[in-house]
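For reference, the chains in residue letters:
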Amino acid sequence: MDLHLKDKVAVITGGSKGIGLGIAKAFAREGCHVVITARTAAEVEAAAASIASEFGVTAQAVASDVSSAEGCQVIVDAAARLGGADIFVSNAGTGSNETVANAPDEKWQSYWDLHLMAAVRLSRALADQMEAKGGGAMLMNASICAVQPLWYEPIYNVTKAALLMFGKCLSVEMIKRNIRVNVVNPGLIRTPDWEKTARELAGDGWEGYLQSVADEHADIRRFGSVEELADFCVFICSPRASYSVGSAYHVDGGMLATV
Ligand code: NDP
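By convention here, each chain's residues receive numbers from 1 onward along its written sequence. In view of the model being predicted, local features appear only for residues whose pLDDT reaches at least 70, and side-chain atom pairs are presented and counted only at 80 or more, with totals across whole chains, interfaces and linings using the full set of residues. To obtain the side-chain values, all non-hydrogen atoms of the structure were used and water was disregarded.

Q: Looking at this structure, I do not really get the overall build of the protein chain. What am I missing?
A: Within the protein chain one finds eight helices and nine strands. Taking the principal axes of its C-alpha atoms as reference, the protein chain extends roughly 50 × 35 × 35 Å. The contact criterion used throughout is that any non-hydrogen atoms of two residues lie within 4.5 Å. Summarising the internal contacts of the protein chain: among those between residues at least 6 apart in sequence, 73% fall at separations of at least 24. Residues scored as charged are limited to Lys and Arg (positive) and Asp and Glu (negative), so that His and the chain ends carry no count. Each charge is placed at NZ for Lys, CZ for Arg, CG for Asp and CD for Glu. Distance between charge centres in the protein chain, computed from 22 positive and 30 negative side chains, equals 5 Å. Helix and strand labels come from DSSP, where a helix needs a run of H or I of at least four residues and a strand needs a run of E of at least two; each type is numbered from the N terminus.

Below, the structure written as structure tokens:
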């Protein structure tokens, strides 16, 4: 299926590794030029170079912290230099581990800035670029935890729930400008970060630990691959999904325990 994405410009935050890198590669495979961002310059630059050489597209690396207004602005400027964004995936994010009783205000604020304000600031600015090109698509990468919380990460659950609601509110405004906004809620996606955590918790038995997590949480009894999620994200941002507006999609191997 031709997704009609050739020569579009896609901005993906947190694109240096894991899910974001997988999404960036999947867009590049369709002929999109990409702007990928992360804080660690060496990693995001290496990822961009590898995408450009593998897929023959322009891949621009931006090293910035999306949890600040300045960090978002450099991303907007980079997209403008490529002619403006057609697609934006708000993906940068990370898990947490705390209790409400013990977490300080600063921790709440930093996750709010990372998961919510980055999406607010970038979507507001990139919408102008999209509108100037006739329209576009945005995808908020929230989490199944936005609707089905995990007990050990209340700050993650709450800020991802905020991102989910933001995506819905944004959609109402943006569709009037021919910009489609949707939300994806992944379940267990096997990333280097999950593998690192498993090694820390279970040593040589880390593969068995990951299997036990999948057995406990996902009906399909395995983690999803980055590619399985990325293909879905690229489709939903493509003109092939032109009637999908303001929805949240679970890509979770059956992890969601309700409708
Ligand atoms: P990774 O830790 O593998 O990658 C996170 C990416 O975000 C990296 O590129 C990282 O680069 C970047 N990043 C983190 N903080 C910032 C920041 N402040 N500013 C700019 N970039 C930042 O995570 P995953 O690929 O696993 O997760 C990606 C997204 O998917 C997250 O939002 C996560 O919550 C969500 N998700 C993941 C699931 C999973 O099972 N893996 C399940 C559900 C949702 P750097 O550190 O250099 O800044």
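Q: Can you walk me through the pattern of salt bridges in this structure?
A: For side chains of opposite charge, pairing can occur when their charged atoms come near one another. For salt bridges, the criterion is a side-chain nitrogen of Lys or Arg within 4 Å of an Asp or Glu carboxyl oxygen. For the structure shown, the criterion picks out eleven salt bridges. Between Lys17 and Glu43 there is a salt bridge; the shortest N-O distance is 3.4 Å. In this pair, Lys17 sits in the loop between strand 1 (9-13) and helix 1 (18-29) while Glu43 sits in helix 2 (residues 41-55), placing the two residues 26 residues apart along the sequence. Here Lys17 falls in the partly exposed class, since its relative accessible area comes to 47%. Here the term buried applies to any residue with accessible area under 20% of the maximum for its type, exposed to any over 50%, and partly exposed to those in between, with areas from a 1.4 Å probe on protein chains only. Assessed through its relative accessible area of 36%, Glu43 is described here as partly exposed. Here Lys196 makes a salt bridge to Glu200, at a shortest N to O gap of 3.8 Å. Placement of the pair is Lys196 and Glu200 together in helix 6 (residues 192-202), with a separation of four residues, close to one helical turn.

Q: I would appreciate a short explanation of the sheet that holds strand 1 in the present structure.
A: By way of backbone hydrogen bonds, the strands of a sheet pair with one another, either parallel or antiparallel. A pair of strands is labelled paired if DSSP reports no fewer than 2 bridges between them. Taking strand neighbours across the sheet as the criterion, the seven strands line up as 3-2-1-4-5-6-9 in an open arrangement whose pairing is parallel. Because the sheet does not close on itself, it has two edges, and the strands there are strand 3 (59-63) and strand 9 (248-251). The average angle at which neighbouring strand axes cross in this sheet is 20 degrees, direction not considered. Of the strand pairs in this sheet, strand 6 (residues 179-186) and strand 9 are connected by four bridges, and their pairing is parallel. Along strand 9, the bridge assignment pairs Asn185 with His250. The convention used is that axes are lines fitted to C-alpha atoms, helices contributing only their stretch in contact, and that angles between N-to-C directions extend from 0 to 180 degrees. Along the sheet, helix 1 makes contact with strand 1, strand 2 (33-38), strand 4 (87-90) and strand 5 (136-141), crossing strand 1 at roughly 170 degrees. Here helix 8 (residues 226-237) sits on the sheet in contact with strand 4, strand 5, strand 6 and strand 9, set at roughly 160 degrees to strand 6.

Q: Would you take a moment to explain the layout of surface pockets for this structure?
A: If a probe the size of a water molecule is rolled over the atoms, the empty space left behind becomes visible. Taken as a whole, the second largest pocket spans an internal volume of roughly 270 Å³. Taken together, 16 residues make up the lining of the second largest pocket; nearest its centre are Gly135, Gly136, Ala137, Asn178 and Pro239. By the convention adopted, Pro, Cys, Tyr, Trp, Phe, Met, Ile, Leu, Val and Ala count as nonpolar, Lys, Arg, Asp and Glu as charged, and the other residues, Gly among them, as polar. Per-class residue counts for the lining of the second largest pocket are six nonpolar, six polar and four charged. Any residue with an atom within 4 Å of a point lines the site, the site being either a cavity, points on a 1 Å grid over the protein atoms alone where a 1.4 Å probe fits but cannot get out, or a pocket, an open set with protein on both sides within 12 Å along at least 5 of 7 lines. Grid points are joined across faces, edges and corners, and a volume is the space filled by probe spheres set on the points.

Q: I keep staring at the site of the ligand and nothing clicks. Help me out?
A: Any residue with a heavy atom positioned within 4 Å of a molecule or strand is treated as near that molecule or strand. Residues in contact with the ligand amount to 28 residues; listed here are only the nearest, Ser16, Arg39, Thr40, Asn91 and Tyr156. Contacts described as polar in this section are N or O atom pairs within 3.5 Å, which, within protein, must combine one atom able to donate a hydrogen with one able to accept it, while residues neighboring in sequence count only if both atoms come from side chains. Separating a nitrogen atom of the ligand from a backbone N or O atom of Val66 is a distance of 3.0 Å. A distance of 3.0 Å separates an oxygen atom of the ligand from a polar atom in the side chain of Trp194. The Shrake-Rupley method, run with a 1.4 Å probe sphere, supplies the accessible areas, and residue values consider only the shown protein chains as cover. If the ligand stood free it would expose 890 Å²; the protein chains cover 91% of that surface. Looking at the shell around the ligand, the elements with two or more residues in it are helix 1, helix 5 (154-174) and helix 6. Looking at the shell around the ligand residue by residue, the classes come out as eleven nonpolar, twelve polar and five charged. Segmentation of the chain into domains, including their bounds, is taken from an automatic or database domain assignment. Counting residues domain by domain, the shell around the ligand receives three or more from each of domain 1 (9-188 + 225-251) and domain 2 (191-222).

Q: Just to check I follow, could you spell out the packing of helix 6 against helix 7 (residues 206-217) for this structure?
A: Two measures define how a pair of helices packs: the angle their axes make with one another and the distance between the axes. Where helix 6 contacts helix 7, the two axes come as close as 8 Å, and the packing angle between them is 110 degrees. By the angle class used here, helix 6 and helix 7 are roughly perpendicular. Crossing of helix 6 over helix 7 shows right-handed handedness. Contacts between helix 6 and helix 7 involve Trp194, Glu195, Ala198, Arg199, Leu201 and Ala202 from the first element and Trp206, Tyr209, Leu210 and Val213 from the second. When its residues are assigned to classes, the contact of helix 6 with helix 7 shows eight nonpolar, no polar and two charged. What sets the label is the angle itself: under 35 degrees gives roughly parallel, over 145 gives roughly antiparallel, 65 to 115 gives roughly perpendicular, and the rest give oblique. The sense of a crossing depends on the near helix, which, turned anticlockwise from the far helix by less than a right angle, makes the crossing left-handed and, turned clockwise, makes it right-handed.

Q: Just to check I follow, could you spell out the nonpolar core for this structure?
A: Counting residues in hydrophobic clusters, the biggest one holds 37 residues, and the most contacted among them are Phe27 and Ile51. Secondary-structure elements contributing two or more residues to this core are strand 1, helix 1, strand 2, helix 2, strand 4, strand 5 and helix 8. If sequence neighbours within four positions are ignored, Phe27 has contacts with Leu5, Ala10, Ile12, Cys32, Val34, Ile87, Val89, Cys233, Val234 and Cys237. Among the buried residues, those of types Ala, Val, Leu, Ile, Met, Phe, Trp, Tyr and Cys that are joined through side-chain atoms within 4.5 Å form a nonpolar core. Residues Ile75, Val120, Leu126 and Met140 belong to the second largest nonpolar core, which totals 35 residues.

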